[in-house]
Amino acid sequence: MGISVNGVEITDRAIEQELPHHQKAGNPLKETVHELVLRTLLLQEADRLGIAGADEDERIEALFAQEVRVPEADDAACETFYRNRPELFTSGEMVEARHILFQVTPNAPLDLLRETGEAVLAELKLHPERFEELAKQYSNCPSGQLGGSLGQLTRGQTVPEFENFVFRLSQGELAGRLLETRFGLHIVQVLRRIDGKRIPFEAVKAQIAETLTRQSWQRAVHQYLRILAGKADIRGITLEGAETPLVQ
């Protein structure tokens, strides 16, 4: 493929051997090549600094330990994270919800669905007692036959965009606008909710500190990789940032 890093070739054989590890990626070949280029960069830097190890992975870990410095998260940062993300530290939160799904299909383009959804929502604002009837008539979700009922939901059971929307609604509230998700457009109503209890900060402080430190470390490693790539003579490929499973 004509790819090299500081004069060292990334061979087709190496790519073939690495490729099976990236089959779940959106672009397996691209991610494979990026992985090999970055790994080569790191091993070359370890050679330059005289960093040894039992194998390649150990040498790379030793390089990171020596060259990437990240301070641990302090109490103030942890408290800010705790305050700004209450949904992560609430136990027992639950909603009972129902919806009407207008699913996008080749025969039902988004503009047509939006027009239909808005009309049904307007009718429900005037006649909320018709929710079950209209769910059975219009919803493309199997729950439509149950009047749109999704039952009791806790966080993590639905896609993030639906979860973030539905958990902001109060008990009995019919959302005033359509929700757009990867599945289509939704009319959503919360019938009942239990707010749950906030977990004390002291009980989760260590967990938060670990999360923030890990995030800082990943950002620092990505920056370090970008610096190495910027100084290197890389031919045959243009690296798009330094996102790679190597440092996930």
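Preceding this paragraph is the structure being described.
Keep in mind that what you see is a predicted model, and the values were worked out from it rather than measured.

### Notes on the overall build of the chain
In step 1: What the chain contains, in helices and strands, is eight helices and nine strands.
In step 2: For 248 residues, the compact-globule estimate of 2.2 N^0.38 gives 18 Å, and the chain exceeds it by more than 25% at 26 Å.
In step 3: Over its C-alpha atoms, taken along the principal directions, the chain stretches across nearly 75 × 50 × 25 Å.
In step 4: With 248 residues in all, the chain has 38% of them scored as buried.
In step 5: Here the contacts in the chain between residues at least 6 apart in sequence split such that 65% fall between residues at least 24 apart.
In step 6: For the chain, the exposed area adds up to about 14400 Å²; of that, 49% sits on carbon and sulfur atoms.
In step 7: Within the chain, the 38 negative side-chain charges are centred at a point lying 4 Å from the centre of the 28 positive side-chain charges.

### Quick notes on the nonpolar core
In step 1: Membership of the largest hydrophobic core comes to 25 residues, with the highest contact counts inside it found for Ile-10, Val-37, Leu-41, Leu-42, Phe-64, Tyr-224 and Ile-234.
In step 2: Mapped onto this core, the elements with two or more residues apiece are strand E1 (3–5), helix H2 (28–49), helix H3 (56–67) and helix H8 (201–231).
In step 3: Broken down by element, the residue count for this core peaks at eight residues, all from H2.

### Some words on the sheet that holds strand E7 (residues 184–194)
In step 1: Here four strands make up an open sheet; going across it, the order is E5-E4-E7-E6 and the pairing antiparallel. Unpaired on one side and paired on the other, strand E5 (149–153) and strand E6 (179–181) mark the two borders of the sheet. Adjacent strand axes in the sheet meet at a mean angle of 40°, parallel and antiparallel pairs treated alike.
In step 2: Pairing geometry for E6 and E7, over three bridges, is antiparallel. Following the sheet pairing, Leu-179 is matched in E7 by His-186.
In step 3: Sitting on the sheet, helix H6 (residues 131–138) touches strand E4 (94–103) and E7, and the angle it makes with E4 is about 40°.

### A look at the pattern of salt bridges
Two side chains carrying opposite charge are able to pair once their charged atoms lie near each other.
In step 1: Inspection of every chain in the model, using the stated rule, returns 18 salt bridges.
In step 2: Of the charged contacts in the structure, one is a salt bridge between Glu-180 and Arg-114, with a shortest N-O distance of 3.2 Å. With Glu-180 in strand E6 and Arg-114 in helix H5 (residues 110–126), this pair connects stretches of sequence that are 66 residues apart.
In step 3: Note on Glu-180: relative accessible area 45%, which makes it partly exposed.
In step 4: Among the residues examined, Arg-114 registers a relative accessible area of 31% and is labelled partly exposed.
In step 5: Put simply, Arg-182 and Glu-161 hold a salt bridge, and the shortest N to O gap is 3.0 Å. Note that Arg-182 is positioned in the loop between E6 and E7 and Glu-161 in helix H7 (residues 160–166), a separation of 21 residues in sequence.

Thresholds, definitions, all that
- Every chain begins its residue count from 1, and numbering advances along the sequence as written.
- Whole-chain, interface and lining totals are the exception, using all residues; otherwise, since this is a predicted model, local features are given only for residues with pLDDT of at least 70 and side-chain atom pairs are given and counted only at 80 or more.
- Side-chain measures were taken over the full set of non-hydrogen atoms in the model, leaving aside hydrogen atoms and water.
- Counting from the N terminus, the helices are the DSSP runs of H or I reaching at least four residues and the strands are the DSSP runs of E reaching at least two.
- Just to be clear, the radius of gyration here is over C-alpha atoms, and the globule rule we use is 2.2 Å times residues to the power 0.38.
- Exposure classes here rest on a 1.4 Å probe applied to the protein chains alone. A residue is buried below 20% of its type maximum, exposed above 50%, and partly exposed in between.
- Working rule for contacts: check all heavy atoms of both residues, and any pair within 4.5 Å makes them a contact.
- In short, Shrake-Rupley with a 1.4 Å probe defines the accessible areas, and a residue's cover is counted only from the protein chains shown.
- Working convention for charge: Lys and Arg count positive, Asp and Glu count negative, and His plus the chain ends are omitted.
- Every charge is mapped to an atom, namely NZ of Lys, CZ of Arg, CG of Asp or CD of Glu.
- Residues enter a nonpolar core if they are buried and are Ala, Val, Leu, Ile, Met, Phe, Trp, Tyr or Cys, with the set joined through side-chain atoms within 4.5 Å.
- For two strands to count as paired, DSSP must find a minimum of two bridges between them.
- The angle between two axes is taken between their N-to-C directions and runs from 0 to 180 degrees, where each axis is a line fitted to C-alpha atoms and a helix contributes only its stretch in contact.
- Basic side-chain nitrogens of Lys or Arg form a salt bridge, by our definition, when they fall within 4 Å of a carboxyl oxygen of Asp or Glu.

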